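Examination of the molecular architecture
Chain by chain, the residues:
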Amino acid sequence: MSFLVPNRADWCLPELVAQRGEELGDRPFLSFALGEREISYGEAAASARSIAGGLAAIGVQPGERVLMMMRNRAEFTLSMLGVAEAHCVQVPVNVDYRGPFLEHLVNTAEASTMIVEGELADAVAASLPALPKLKRVVSVGAALDLPGVDTFLFDELTSAAPPTARPHHRASDVGAIHFTSGTSGRSKGALLPHAAVHMLAERNRELLDIGRDDIYLTELPLFHVNAQMSVYSTLLAGARLRIERRFSASQWLERIRESGAT
């Protein structure tokens, strides 16, 4: 086995983001079909720092769990990087969850903060009485008015000043809680240390032989570990990633051609 990052103590997402941002700067990193937005390595690293500062400014402490309920859009990936930079734990939420499914995930995660796409906020609002620990909601899009909850705009996070000092990130720190599909009962939250996610991305990058000149394409949802692995594998290789809205049986081949995906 060969690793792009040989020292396992460095198997940590925020450290890799900072390093690639410094090394690759204006090189294209992420491209999103939703909103047709492109983000360079340098922009991703800078946004991660700003979001970390924004989370601290609204009261989110290191080690807290941050729920992320968004479709395949730039704000999801930037939140993923920013939450890691803030030394917090990301908890992706299936965008189709409603009622008891959503309430079980939120309450099991014991998270007090959620970043949610405005178009999905109705599901959160309907379940608020059953979410006693949810205290802060950050909206991507229009402002929200939710009773008993402090609300913020995502732009407030991205425009915040970066923290004056970076927390010490360790490969053994839990970076994410991914909930299972729940086929044998209610979904279980799988705790994933940074090192485990890094190892998965190292193997994926090697198996797919992704190099710096490659373009990786995914149509899978970012709330699932598979699409997040695509982000991490691309980051490792210094390649480019195209993220589609969702899978389309009739358009996938055309998308591959248009994007130049290798």
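Look above for the structure.
Here, residues in each chain are numbered from 1, in the same order as that chain's written sequence. Local features in this predicted model are restricted to residues of pLDDT 70 or higher, and side-chain atom pairs are both shown and tallied only at a pLDDT of 80 or more, whereas totals for entire chains, interfaces and linings draw on every residue. The side-chain figures draw on all heavy atoms in the structure; neither hydrogens nor water molecules are used.

With that out of the way, let us pick up the overall build of the protein. Secondary structure elements are taken from DSSP: a helix is a run of H or I of four residues or more, a strand is a run of E of two residues or more, and numbering for both begins at the N terminus. Scanning the protein for helices and strands turns up nine helices and 11 strands. Here the C-alpha radius of gyration of the protein, 18 Å, is about what a compact globule of 262 residues would show, namely 18 Å. Along the three orthogonal principal directions, the C-alpha set of the protein runs to about 50 × 50 × 35 Å. The contact criterion used throughout is that any non-hydrogen atoms of two residues lie within 4.5 Å. Considering only contacts in the protein between residues 6 or more positions apart, those separated by 24 or more positions represent 68%. Note on areas: Shrake-Rupley with a 1.4 Å probe; residue coverage comes only from the protein chains shown. Accessible surface, the protein as shown: approximately 12,100 Å² in total, 52% of it carbon and sulfur. For the protein, the distance from the average site of its 25 positive side-chain charges to the average site of its 31 negative ones is 5 Å. It is over C-alpha atoms that the radius of gyration is taken, and the globule rule equals 2.2 Å times the number of residues to the power 0.38. Note that His is not counted, nor are the chain ends; the positive residues are Lys and Arg, and the negative ones are Asp and Glu. Taken as the charge centre is NZ of Lys, CZ of Arg, CG of Asp or CD of Glu, depending on the residue.

Another point: the pairing of strand 4 (residues 89-92). In the case of a regular strand, side chains alternate between the two sheet surfaces. Exposed residues in this analysis have more than 50% of their type's maximum accessible area, buried residues have under 20%, and partly exposed residues fall in between, with area computed by a 1.4 Å probe over protein chains only. A two-sided burial pattern is seen for strand 4, the buried positions comprising Val89 and Val91 on one face and Gln90 and Pro92 on the other. In the sheet, strand 3 (residues 65-69) pairs with strand 4 via four bridges, with the strands oriented parallel. Across the sheet, residue Arg65 finds its bridge partner in strand 4, namely Val89. Each pair of strands is called paired provided DSSP finds at least two bridges between the two strands.

Take a nonpolar patch on the surface next. A residue counts toward a patch only above 30% relative accessible area and without a salt bridge, and it is joined to like-charged neighbours within 9 Å or, for Val, Leu, Ile, Met, Phe, Trp and Tyr, to nonpolar neighbours within 5 Å. Criterion for a salt bridge: a side-chain nitrogen of Lys or Arg within 4 Å of a carboxyl oxygen of Asp or Glu. Side chains of Phe247, Trp252 and Leu253 sit close together on the surface and give an oily, nonpolar patch of about 320 Å² of accessible area. Here Trp252 lies in helix 9 (residues 252-259). Looking at Trp252, the relative accessible area reads 40%, which means it is partly exposed.

This part covers the sheet that holds strand 10 (residues 215-218). Sheet architecture is open: four strands sit in the order 2-1-11-10, paired in mixed fashion. Each of the sheet's edge strands pairs with one partner strand only, and the pair in question is strand 2 (37-40) and strand 10. Averaged over all neighbouring strand pairs, the angle between strand axes comes to 15°, with direction disregarded. Pairing of strand 10 with strand 11 (residues 240-243), which is carried by four bridges, proceeds in the parallel orientation. The residue bridging Ile215 from the neighbouring strand is Arg240, located in strand 11. Angles here are taken between N-to-C directions and fall from 0 to 180 degrees, while the axes themselves are lines fitted to C-alpha atoms, restricted in helices to the stretch in contact.

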